Amino acid sequence: MTITTDDRSLAFARRLATTPAPEQRRENILADPGFGSHFTDHMVAIDWTEEAGWHDARLQPYGPIALQPASAVLHYGQEVFEGLKAYRHDDGSIWTFRPEKNAERLRSSARRLALPELGTADFLASLSELVVADRHWVPAGAERSLYLRPFIIANETFIGVRPAHAASYFVIASPAGPYFESGVRPVSIWISTEHARTARGGTGDAKCGGNYAASLLPQQEAMRNGCAQVLFADAETGTRVDEAGSMNLFAVTRDGALITPAASGSILEGITRDSVIQLARDQQIRVDERDVFVDELCDGLATGEITEIFATGTAAAITPIGQLKSPAGSWGSVDAATGPVTRALRDELTGIQHGRVEDRHGWLYRLDA
Ligand code: COI
């Protein structure tokens, strides 16, 4: 993928860590990284004020952020974030996947949360800065990557309710294995009947921390019921599938088509979702983006009308869903094998990301060049 650098305005100052993790500790972490618990030696930070715009771009050692107790983000949740992965290819080079889409989505989320927008070229440069400095933290292997977490917080010291006049952008990085503890195996999903994720006109299509905070109580209920994640229905009728807490949802019908909820403003428009739709259409698989009903999935699993369900996201890639559960019952089985459509799409997507399948759409972007 080629990106013009026309909108690049920032030069990064570099302060390297004086006490990086010892090699043996790093290797131990990379051998079994889990998800989201370990962080690399550095981070990127860029400040923003109304008067100066984005400024003071820097690579610095990973460490605590100093915030005033009155900092706006701590009170009103004015925050947005992104998630991407850096993949080490067999020749040692390091790539990421469709990052211009993350840059675009971060800007759209920032607009919704009245935060400042960062240009694509500066966003890409921030990823490269961090990944080059922490290149030894990018694991090799099919289910391994370095998860990159860019985020913007409002950090004006002011507790009146209005958009903050100061903000900061950060990128941190965390070596990652499979998102779910069970690895890449079918998971159970809990259908939330009491809580919705978002409503029309809300922040459903923005990637903001508040959406995820609101998903945690139902997520707790899901875990109490032996499920890995929660599935939300629409707020108005409670009948249409919205999305799972951190993933978009797809189902395969008996006649081999894919169905997925249309991007109506209440779901996050996942980059993995978009890529899966493209890859499926490349294989002449029909993809219907439309209302998908909770009952349609549950009944369909029982009758065989629905043959596979899977979820997509950067962290989760393509995760098979074996079972749906709700207070009313359960459908499917967590012991079911991963279906052939799910497996083929997963193999192709992760193959492209890891440089083992031809990148015919030009989705990869090199970070260490
Ligand atoms: C991702 O898939 O990157 C996400 O942001 C989901 C989750 C880890 C919050």
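Since the model is a prediction, treat every value here as computed from it, not as a measurement.

With that out of the way, let us pick up a nonpolar patch on the surface. A contiguous nonpolar surface patch, about 240 Å² in accessible area, is contributed by Ile65, Leu67 and Leu74. Along the chain, the position of Leu74 falls in helix 2 (residues 72-76). On the accessibility criterion, Leu74 (51% relative accessible area) is exposed.

Time to look at the domain arrangement of the chain. Taken domain by domain, the chain holds domain 1 (5-177) and domain 2 (187-353). One C-alpha centre belongs to domain 1, the other to domain 2; they are set 27 Å apart. Counting residues at the interface gives 20 residues for domain 1, matched by 20 residues for domain 2. Between domain 1 and domain 2 lies a buried interface of about 1,800 Å² when both sides are counted; carbon and sulfur atoms form 55% of it. Of all residues in domain 1, the largest losses of buried area upon contact with domain 2 belong to Phe81, Phe97 and Arg105, amounting jointly to 34% of the total for that side. Along the contact surface separating domain 1 from domain 2 lie 2 salt bridges. Of the charged contacts in the structure, one is a salt bridge between Arg98 and Asp274, with a shortest N-O distance of 2.9 Å. The interface formed by domain 1 and domain 2 contains 14 residue pairs in polar contact (both at pLDDT 80 or more). Those elements that place two or more of their residues in the side of domain 1 that touches domain 2 are strand 4 (79-81), strand 5 (84-88) and helix 3 (99-112).

In the vicinity of the ligand, the contacting residues are Phe81, Gly83, Tyr147, Arg149, Tyr179, Lys207, Tyr212, Ser246, Gly313, Thr314 and Ala315. Residue Tyr147 places a side-chain N or O atom 2.6 Å away from an oxygen atom belonging to the ligand. In this structure, Thr314 approaches the ligand through a main-chain N or O atom, which is 3.2 Å from an oxygen atom. Calculation on the ligand without its partners gives an accessible area of 280 Å², and the protein chains cover 90% of this total. A breakdown of the residues in the shell around the ligand according to their chemical character gives 5 nonpolar, 4 polar and 2 charged. Mapped onto the domain boundaries, the shell around the ligand takes at least three residues apiece from domain 1 (5-177) and domain 2 (187-353).

Definitions and limits used
- Residues numbered from 1 in each chain as written.
- Predicted model: local features only at pLDDT ≥ 70, side-chain atom pairs only at ≥ 80, totals over all residues.
- Heavy atoms only, no water.
- Patch = residues over 30% accessible without salt bridge, like charges linked within 9 Å, V, L, I, M, F, W, Y side chains within 5 Å.
- Areas by Shrake-Rupley, 256 points an atom, 1.4 Å probe, with all protein chains shown as cover.
- Salt bridge = Lys/Arg side-chain N within 4 Å of Asp/Glu carboxyl O.
- Helix = DSSP H or I, 4+ residues; strand = E, 2+ residues; numbered from the N terminus.
- Buried < 20%, exposed > 50% of the residue type's maximum accessible area, 1.4 Å probe, protein only.
- Domains from an automatic or database assignment.
- Contact = heavy atoms within 4.5 Å.
- Buried area = accessible area lost by both parts, 1.4 Å probe.
- Polar contact = N/O pair within 3.5 Å; in protein donor to acceptor, adjacent residues only side chain to side chain.
- Near = heavy atom within 4 Å.
- Nonpolar A, V, L, I, M, F, W, Y, C, P; charged D, E, K, R; others polar.

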